[in-house]
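Next come the chains, spelled out residue by residue.
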Amino acid sequence: MIEAINGIEAMEKSLQESFDLYIVDINMPKQDGYGFLSDLRGRDLPQAPALMISTEAAANDRKRAYVAGANLYLVKPVKPTELLTHCRLLLGEVHA
Amino acid sequence: MNPLLEQFLSESRESLQGIGEKLMQLEQEPESSELMIELFRLVHTLKGNSGLFDLPELTRVLHAGEDLMDAVRNGRVAYSQILADRLLDAMDFVGMLCDEFEAKERIDPKHINISVSLAEALRQLMVDGRENTVDADGQAPETIPVEPAEDTTCRLLQLSALPEATRMEAYRAAVNGAPLYWLAYRPSEDCFFQGDDPFYQARQTPGILWGSIAARKPWPKLSELDPYQCVLDFTVFSTASIAELEEYYRYVPDQMTIVPVSRQFLILPQGDPNGGPVYEDFVTEALALHSAGNTAGLTRAVNSMLELSNPDLWLSSALRWLLLAIELEPDNCVVAEKILCSLRTLTPPAWHENAISDNRLASESGPAPLSPEVVSLIAAQREILSLPDNVGWITGRLKAATASLSGCLHAMGMLESVASLDAALEDALAQGAAAPLLLWLGCKFKGIVETPLSQLQQTATGTTSPPILQTQTSQSDQSAITGPPIRTDSEIKFGRRAEDAYAGPKSIKVDQAKIDRLMNLIGEIVVAKNGLPYLAGRAETVFGVRELSREIKAQYAVINRIAEEMQDSIMQVRMMPVSFVFQRFPRLVRDTSNKLGKEVNLILEGEETEADKNVIESLGDPLVHIIRNSLDHGIETPEIRCTLGKPAAGTIIIRATQESDRVIIEIRDDGKGIDPDVIKRKAYEKGIIDQERLERISDQEAVNLVFAAGFSTSDVVSDLSGRGVGMDVVRTAVEKVNGTLNLESEKGKGTRIRLSLPLSMAVTNVMIVESNHQIFGIPMESVLETVRIPRADIRTIKKNQATVLRGRIVPLKPLNALIGVDVPPKANEEDELAVLIVNLGGESVGILVDDFRETVAIILKPMTGILASLPAYSGSALLGDGSVLMVLDIKEIF
């Protein structure tokens with residue numbers, strides 16, 4: 001698990017190694033989640049699924065996230081078990 | 001609000017109501033498979049409709065409900081009380097969401113938690129149920145719901161109608177990046193009158209590769225044929241972009257179905273299967289060459305094989321495709337491999353099989369194992385893929401969505417579907433569009449996630465199968481538009497899915513405001529027509545033309561008849577059966593009695609009795625009050641009932657009947673009744689009755705005191721075991737629609753409440769009386785009789801006038817005095833006074849007036865503005881001569 005504190009840093013790390021799953025917050029300093037994702041999706045990199053977490057539940061925000069390149073949009077508060085299930089699914093892990 | 005949404009909401013409410021009713025019935029006869037199927041159908045329809053809108057919370061719950069009902073229907077899960085409870089909860093939730101959505105046009109995201117937990121609760125039942133059955137039988141039951149043939153795949157199979165050369169050309173184009181679209185164009189029957197030229201339109205389709213025309217139904221006899229009707233379906237296969245096609249068909253979008261086609265589906269070898277799969281050596285060799293990446297070797301081998309074979313053979317056709325695939329896409333090993341493998345079996349290439357078998361697999365394992373997370377993930381990918389493709393990072397988006405789906409497939413163990421997903425991705429990447437992936441999603445998860453495309457197909461091809469003939473041969477010329485072949489009836493009939501066949505009631509929905517407007521207009525006509533006799537009178541008396549007067553009267557008779565009929569018809573439109581309010585009571589009684597631990601049988605009678613919508617609607621709340629009271633305070637607990645020698649289960653009967661122009665609703669329970677003594681004492685303590693009345697009052701009158709205003713205060717409730725809660729509310733509501741109510745109760749035996757309501761409130765019959773040179777209207781329902789009483793027969797008792805009418809003392813009041821005019825009533829030549837006997841709260845009272853006039857039907861308009869503060873009048877109406885009639889409210893003036 002690699003952490004990045006903003007979109008710029010996340011991009012740098014994505015260029016260095018490949019990830020299986022991104023969990024992205026929308027509100028980040030310097031570059032927000034939307035910016036990071038659309039940047040990532042526009043590059044010739046392995047495209048891992050991205051899970052976006054936000055406090056905004058309006059349909060518009062969700063759409064914006066999907067347009068930017070998210071693959072799932074979860075609204076806070078997210079239950080840890082729910083998050084885990086989704087991560088497992090996106091990673092293709094067989095249910096125990 | 002958009003009309004589609006409005007329709008959805010109103011239909012949803014209907015469905016919800018239906019679901020509630022069916023569940024209630026199911027409780028009575030839990031074995032009825034008919035009810036279960038009906039119930040499933042309702043939930044299914046509701047879910048299907050909800051998919052049209054962006055209401056994930058709603059769809060989630062409904063989907064779980066649908067799965068559960070499907071399981072119940074197939075006998076995998078037994079019907080149980082808890083199941084009904086949870087389903088009802090879920091439907092209440094859905095109803096709440098609908099209300100919220102209507103009010104705010106969005107759904108508060110906070111509901112997502114409830115939605116998930118409800119859906120889980122429903123699914124839990126399914127799991128439990130299944131475990132139970134497994135325990136019982138020792139093996140899982142193998143009921144596989146028979147699904148209708150997979151829509152998308154079916155359509156794609158029709159591609160075999162295209163000549164091979166056309167398909168190869170299309171394939172070539174697709175590899176070079178052209179999109180492929182299958183267009184079904186169904187012109188409306190009267191399109192010729194709208195200036196359409198469907199034939200020309202279809203032929204000029206941009207990027208047309210192939211087309212066909214088919215008749216929608218078998219041709220009728222020439223003598224019966226209407227040549228001005230278009231009964232043809234056009235099918236076109238095109239390589240133009242969707243934007244171009246939509247632009248081209250922009251005037252007939254509702255008649256079009258445009259389906260994107262993946263190029264792999266074009267690879268359909270055709271021909272004589274003679275020779276059989278004897279080329280095992282060749283296949284093995286070719287596969288070896290292929291996996292070794294020796295394209296040149298493979299091409300050579302295929303070419304020599306092709307030369308040896310008859311070109312009409314299936315094998316040759318497959319080989320031609322193989323060559324094309326190698327030539328065009330040397331890197332795409334999947335396609336070549338699949339074609340090679342298909343040579344072994346001489347069945348069409350594997351992606352079809354894959355798609356079909358995957359589908360079957362999905363339906364076999366049922367949608368049940370899909371957790372809400374999977375569903376939401378897939379739905380999210382669908383949404384992502386449905387977004388416009390015009391962003392710079394489309395490639396990344398497609399890859400990421402595929403990665404997500406692939407993750408899901410792995411997680412669910414559906415590894416065999418991964419290959420087709422990858423193929424779809426390659427296609428999508430080549431086209432730079434999400435369509436192939438969407439199509440894949442539509443195939444794979446059709447039952448779970450409705451793609452917009454498949455919805456499009458369903459709506460557009462709702463009643464008929466795709467208009468292409470399987471019988472078309474591959475030899476037909478590629479540009480030829482084939483003639484109209486004859487199709488059998490059954491094809492058309494069975495294109496429709498069984499679930500769709502449900503025929504709704506033949507009715508239209510009309511906004512109530514429109515009916516009200518119509519009603520007002522009729523009212524005006526009635527008033528306007530009443531001007532004619534007046535005019536006739538003037539023609540005779542003022543202008544002295546008797547002939548004209550007679551003609552006006554004749555004409556009036558005609559108009560009068562029509563106007564009355566019209567009025568009657570409009571009334572009929574507004575009529576609704578009382579079942580509209582009754583249907584909520586089974587649920588109310590069930591829930592309340594469960595909560596109170598009482599056993600209650602509810603019997604509804606005369607549900608089909610009809611009355612005006614306003615009357616029916618005003619009934620709802622009073623009835624709920626009355627029934628709650630009966631349940632809460634009337635019916636005793638089973639133990640007490642047993643000791644009293646009554647059956648353990650109490651009975652509440654609600655009966656509606658029609659008596660002349662009134663609707664009578666009777667609510668009867670066999671509970672403990674009301675003790676008149678307690679009521680009397682309480683009423684006295686509350687100051688509702690005075691000492692004198694307390695001594696005189698009959699038991700019957702006493703129990704009716706519960707309707708008195710101010711009787712329902714909290715301390716009375718507790719002492720009186722609550723009888724009387726909100727009863728004055730009931731009375732007010734009933735009186736508002738000119739109804740009356742009456743309560744009879746026998747201590748220990750039960751209570752009976754009788755509501756009497758007018759059939760309609762629109763037209764009021766009033767009697768016109770004259771007093772002091774003014775005319776007043778008095779509602780006919782309170783008029784008992786009119787009599788003329790000699791002045792000598794009127795006595796004065798303690799300053800009050802009275803007379804004896806048929807042995808009964810009737811108090812008399814002059815109307816003038818009642819409305820504050822100090823003029824004595826006039827008598828006629830024989831010195832008789834006109835007395836109108838009215839019913840006032842069950843007692844007869846005489847009103848002294850100057851004279852009686854006719855009775856008229858009027859449209860009573862309530863008093864508005866400053867006049868509304870005059871309680872003596874219930875309203876006003878326009879008379880034929882244009883004058884205003886004031887209608888008295890008898891209860892108020894005394």
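Structure first, text after, so check above.
Along each chain, numbering runs from 1 in the same order as the chain's sequence is written. All chains are assigned letters beginning with A, and all ligands numbers beginning with 1, in the order in which they are written. The model is predicted, so local features are restricted to residues of pLDDT at least 70 and side-chain atom pairs to those at 80 or more, both for listing and for counting; the totals for chains, interfaces and linings are taken over all residues.

*Asks:* Hey, could you run me through the interface of chain A and chain B in this one?
*Replies:* A common measure of how large an interface is: the accessible area buried when the components associate. The contact rule is simple: place each C-beta atom from the backbone, and if two of them lie within 7 Å, those residues are in contact. Chain A puts 28 residues into the contact, and the matching count from chain B is 26 residues. With 6 residues, the top contributor of residues to the side of chain A that touches chain B is helix α4 (residues 80–91) of chain A. Residue composition of the side of chain A that touches chain B, grouped by class: 15 nonpolar, 9 polar and 4 charged. Strands are runs of DSSP state E lasting at least 2 residues, helices are runs of H or I lasting at least 4, and numbering of each runs from the N terminus. Under the scheme applied, nonpolar residues are Ala, Val, Leu, Ile, Met, Phe, Trp, Tyr, Cys and Pro; charged residues are Asp, Glu, Lys and Arg; polar residues are all the others, including Gly.

*Asks:* Even after reading the chapter, I still don't get the environment of Val 61 of chain B, so can you show me in this structure?
*Replies:* Of note, Val 61 of chain B is situated in helix α3 (residues 56–73). Non-local contacts of Val 61 of chain B, meaning those with residues more than four positions away in its chain, are made with Ala 90, Phe 93, Val 94, Ser 115, Leu 118 and Ala 119 of chain B.

*Asks:* Would you take a moment to explain the packing of helix α22 (residues 531–541) of chain B against helix α23 (residues 546–574) of chain B for this structure?
*Replies:* Residue and element names in this part refer to chain B. Between α22 and α23, the least distance of the axes is 8 Å, while the angle of their chain directions is 170°. Relative to α23, the element α22 is oriented roughly antiparallel. Residue-level inspection shows Leu 532, Pro 533, Leu 535, Ala 536, Ala 539 and Glu 540 of α22 in contact with α23, the latter providing Arg 546, Leu 548, Ser 549, Ile 552, Lys 553, Tyr 556 and Ile 559. Residues belonging to the contact of α22 with α23 are distributed by class as follows: 9 nonpolar, 1 polar and 3 charged. Angular values range over 0 to 180 degrees, each being the angle between N-to-C directions of two axes fitted as lines to C-alpha atoms, with helices fitted over their stretch in contact. Note on angle classes: values under 35 degrees are labelled roughly parallel, values over 145 roughly antiparallel, values of 65 to 115 roughly perpendicular, and the remainder oblique.

*Asks:* Would you take a moment to explain the packing of helix α2 (residues 33–50) of chain B against α3 of chain B for this structure?
*Replies:* Residues and elements named next belong to chain B. Relative orientation of the contacting elements α2 and α3 amounts to 155°, with a least axis distance of 9 Å. Taken together, the axis directions place α2 and α3 in an arrangement best described as roughly antiparallel. With respect to the hand of their crossing, α2 and α3 are arranged in left-handed fashion. Residue-level contacts link Met 36, Ile 37, Leu 39, Phe 40, Val 43, His 44, Leu 46, Lys 47 and Ser 50 of α2 to Leu 58, Thr 59, Leu 62, His 63, Gly 65, Glu 66, Met 69, Asp 70, Val 72 and Arg 73 of α3. Counted by class, the contact of α2 with α3 contains 10 nonpolar, 5 polar and 4 charged residues. Each crossing gets its hand from how the near helix is turned against the far one by less than a right angle, where anticlockwise is left-handed and clockwise is right-handed.

*Asks:* Even after reading the chapter, I still don't get the sheet that holds strand β22 (residues 873–878) of chain B, so can you show me in this structure?
*Replies:* Pairing between the strands of a sheet comes from backbone hydrogen bonds, and it takes one of two forms, parallel or antiparallel. Residues and elements named next belong to chain B. Two strands qualify as a pair provided DSSP detects at least 2 bridges between them. The 5 strands are arranged β21-β13-β14-β23-β22 in an open sheet whose pairing can be described as mixed. For this open sheet the edge positions go to β21 (851–858) and β22, each flanked by a neighbour on one side alone. Pairwise comparison of adjacent strand axes, ignoring direction, gives a mean angle of 35° for this sheet. Here 6 bridges tie strand β13 (residues 764–771) to strand β14 (residues 774–779), and the two strands are oriented antiparallel to one another. Looking at β14, one finds that Ser 771 is bridged to Gln 774.

*Asks:* Looking at this model, I keep getting lost on α4 of chain A. Mind explaining?
*Replies:* The periodicity of an α-helix, 3.6 residues per turn, causes residues three or four positions apart to be oriented the same way. Spanning 12 residues, α4 of chain A covers 16 Å between terminal C-alpha atoms, matching the ideal 16 Å at 1.5 Å per step. Taken from the residues just after α4 of chain A, Gly 92 of chain A is the one with a positive phi, measuring 80°. Any helix carries an expected span of 1.5 Å times its number of residues minus one.

*Asks:* When you look at the environment of Ala 656 of chain B in this model, what are you seeing that I'm missing?
*Replies:* Residue and element names in this part refer to chain B. Mapped onto the secondary structure, Ala 656 falls in strand β9 (residues 650–659). Through-space distance from the C-alpha of Ala 656 to that of Glu 605 is 6.2 Å; in sequence the pair is 51 residues apart. The contacts of Ala 656, once residues within four sequence positions are left out, are Val 578, Glu 605, Gly 606, Glu 607, Thr 609, Val 663 and Ile 665.

*Asks:* Help me understand the sheet that holds strand β15 (residues 783–790) of chain B in this model?
*Replies:* Residues and elements named next belong to chain B. Overall, mixed pairing links the 6 strands, which are arranged β15-β19-β20-β18-β17-β16 in an open sheet. Every interior strand has two partners, whereas the edge strands, β15 and β16 (795–797), have only one. Averaged over all pairs of adjacent strands, the angle between their axes in this sheet comes to 40°, without regard to strand direction. Looking at chain direction, strand β17 (residues 800–805) and strand β18 (residues 808–814) are connected through 5 bridges and run antiparallel. When the sheet's bridge partners are listed, Gln 801 is paired in β18 with Leu 812.

*Asks:* It is not clear to me how the environment of Ile 522 of chain B should be interpreted in this structure. Could you clarify?
*Replies:* All names here are of chain B. By the element assignment, Ile 522 lies in helix α21 (residues 512–529). Three exposure classes are used, all based on how many other C-beta atoms lie within 10 Å of a residue's own C-beta (placed from the backbone): buried at 20 or more, exposed at 12 or fewer, and partly exposed between those limits. Judged by C-beta crowding, with 21 C-beta atoms within 10 Å, Ile 522 ranks as buried. For the pair Ile 522 and Glu 564, spaced 42 residues apart in the sequence, the C-alpha separation amounts to 9.1 Å. Each residue touching Ile 522, except ones within four places of it in the same chain, is listed here: Met 566, Gln 567 and Ile 570.

*Asks:* Quick question: what am I supposed to make of α23 of chain B here?
*Replies:* All names here are of chain B. Here α23 contains 29 residues, and its C-alpha end-to-end distance of 42 Å stays within 8% of the 42 Å for a straight helix at 1.5 Å per residue. If you check which residues of α23 are buried, you get Ile 552, Tyr 556, Gln 567 and Arg 574. Close packing links the buried residues of α23 with α21, α22, β6 (575–577), β8 (610–612) and α26 (613–634).

*Asks:* Looking at this model, I keep getting lost on unusual backbone geometry. Mind explaining?
*Replies:* Backbone phi values are negative for most residues with the exception of glycine, while trans is the configuration of most peptide bonds. All names here are of chain B. The backbone of Asn 772 sits at a positive phi, close to 55°, despite the residue not being glycine. Of note, Asn 772 is situated in the loop between β13 and β14. Judged by the 17 C-beta atoms lying within 10 Å of it, Asn 772 falls in the partly exposed class. Of note in the backbone geometry, His 773 takes a positive phi value of approximately 65° without being a glycine. Along the chain, His 773 turns up in the loop between β13 and β14. Note on His 773: 8 C-beta atoms within 10 Å, which makes it exposed.

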